[in-house]
Amino acid sequence: MRTCTTNTSIQSALLKARQSRQTIAFVPTMGNLHDGHLDLVRKAHTLCDIVVVSIFVNPLQFGANEDLDTYPRTMAADKEKLFQEGVHFLYTPDVVEIYPEGLATQTQVQVPELSETLCGSNRPGHFNGVTTVVAKLFNIVRPDIAIFGEKDFQQLSIICKMVQDLCMPIKIVGAATARDEDGLAKSSRNSFLTPDQRHIAPIMHQTLMTCREAIACGFDNFLQLESHARMKLLQAGFEPDYFAIRDAQTLQSVTEETEEVAILAAARLGSTRLIDNVRLSLDPASDWGILAAR
Ligand code: PAF
């Protein structure tokens, strides 16, 4: 595995692969790698000849009162894991390399509407930071395929829209959420949970699944399902930001045209913010009737 820290070094390292017509899969990360990230890397190997991973804790996507300073940074352990997974190139730029003129004057990429709902309303500016850095990383690495986890379902939707709207010649691939045995979605932020909070945390996934089951059984009062789920989370000790049943394509309310429903939740346990989602395909032949759960 070759590690590059500058834009020019990763670009010249990849030139040879590109000249010999090898395909490039890219997995952008913020490090503190867990099995969820390694699943993305494994998927990348099945899709392309060359696998590139980036580790960059992007200050532009953190709000002023968020956990940028305490975000877990575990570079040595991450490098070892990526080496074991057969990654070809690791790109680890510093902040000056990505934002040489600082953050204030950085041109930003914004995906309207999709970026403003759900996590976007709780974390203003967050998704502009994500799309800006991902667009820059895409321009630097110029991959054929980029892989993102479905745990961050809104992020994945926003990146798909950005790529489509800006005609970026990159295929975006989503990878299923990796979970601990008790259902908790794997996340770098899980390491912040106290033992008591870790015990409570899987209730988020259980609540999502209960809601999915209710919809699959034909229960169609979504407002009632959402408020019941929020109450469950509150009772368990979470402070919910949202629990929402949405159209998986638009992330707006479910309509007659909805083909797939996404049920998304974000909530704090102490100072740790957890997010998760599950989805459900609607059988067009039925009236919210029998649904194919995913
Ligand atoms: O999902 C993440 O880890 C980050 O939001 C990403 C996509 C690497 C951009 O910084």
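Quick caveat, the model's predicted, so the values are computed rather than measured.

Calculation rules
Residues numbered from 1 in each chain as written. Predicted model: local features only at pLDDT ≥ 70, side-chain atom pairs only at ≥ 80, totals over all residues. Heavy atoms only, no water. pLDDT = per-residue confidence, 0-100. Contact = heavy atoms within 4.5 Å. Near = heavy atom within 4 Å. Polar contact = N/O pair within 3.5 Å; in protein donor to acceptor, adjacent residues only side chain to side chain. Areas by Shrake-Rupley, 256 points an atom, 1.4 Å probe, with all protein chains shown as cover. Helix = DSSP H or I, 4+ residues; strand = E, 2+ residues; numbered from the N terminus. Nonpolar A, V, L, I, M, F, W, Y, C, P; charged D, E, K, R; others polar. Disulfide = S-S within 2.5 Å. Buried < 20%, exposed > 50% of the residue type's maximum accessible area, 1.4 Å probe, protein only. Pairing = 2+ DSSP bridges. Axes fitted to C-alpha atoms, helices over the stretch in contact; angles between N-to-C directions. Salt bridge = Lys/Arg side-chain N within 4 Å of Asp/Glu carboxyl O. Phe/Tyr/Trp six-rings, centres within 6.5 Å; stacked < 30°, edge-to-face > 60°.

Overall, the predicted model of the protein chain reaches an average pLDDT of 95, with 96% of residues at or above 70. A low-confidence stretch, residues 288-294 stays under pLDDT 50, and its non-local contacts, those more than four residues away or across chains, total 27 contacts.

Our next topic: the site of the ligand. Around the ligand, the surrounding shell consists of P28, T29, M30, N58, Q61, V130, V133, V134, F148 and Q155. A distance of 2.8 Å separates an oxygen atom of the ligand from a polar atom in the side chain of Q155. When the ligand sits alone it has 280 Å² of accessible area, and the protein chains cover 88% of it. Looking at the shell around the ligand, the elements that each hand over two or more residues are β2 (24-29) and α6 (126-141). Of the residues that constitute the shell around the ligand, the class distribution is six nonpolar, four polar and no charged.

Taken as a whole and judged by the stated rule, the model has zero disulfides. The cysteine C167 is free of any disulfide, with C160 supplying the nearest cysteine sulfur at 15 Å. By relative accessible area, C167 is classed as exposed at 66%. Its sulfur unpaired, C211 is 11 Å from the next cysteine sulfur, which belongs to C217. When its relative accessible area of 4% is taken as the criterion, C211 is described as buried.

Turning to the sheet that holds strand β5 (residues 145-149), a few remarks are in order. Read from one edge to the other, the open sheet built from six strands follows the order β1-β4-β3-β2-β5-β6, with strand pairing classed as parallel. The open sheet terminates on both sides in strands that have one partner only, identified here as β1 (2-4) and β6 (171-175). Sheet twist, expressed as the average angle between the axes of neighbouring strands with direction ignored, equals 25 degrees. The strands touched by helix α3 (residues 75-84) are β1, β3 (50-55) and β4 (89-91); relative to β3, the strand with the most contacts, the crossing angle is about 170 degrees.

Looking at where T272 falls in the secondary structure, it is placed in strand β9 (residues 272-282). Residue classification places T272 among the buried positions, given a relative accessible area of 2%. Along the backbone, T272 and C48 are 224 residues apart, and their C-alpha atoms lie at a distance of 35 Å. T272 has contacts with R189, F192, L193 and A267, leaving out every residue within four places of it along the chain.

Enumeration according to the criterion identifies 14 salt bridges in this entry. Between R279 and E150 there is a salt bridge, with its nearest N and O atoms 2.8 Å apart. Placement of the pair is R279 in strand β9 and E150 in the loop between β5 and α7 (153-165), with a sequence separation of 129 residues. In this structure, R279 and E150 share a single accessibility class: buried. Connected through salt bridges with shared partners, the residues D180, D182, K186 and R198 form a single ionic network.

As a further point, take the packing of aromatic side chains. Tallying each qualifying case throughout the model produces four aromatic pairs. Note on F62 and Y71: the rings are 5.7 Å apart at their centroids and 75 degrees apart in plane angle, and the pair reads as edge-to-face. For the residue pair F62 and Y71, the accessibility class agrees, reading buried in each case. Seen in terms of ring centroids, F138 and F148 are 6.3 Å apart; in terms of plane orientation they differ by 70 degrees. Their pairing is edge-to-face. In this pair, F138 is assigned in helix α6 and F148 in strand β5, connecting sequence segments 10 residues apart. Judged by its relative accessible area of 5%, F148 falls in the buried class. Three or more aromatic residues joined by ring pairs form one cluster here, namely F26, F138 and F148.

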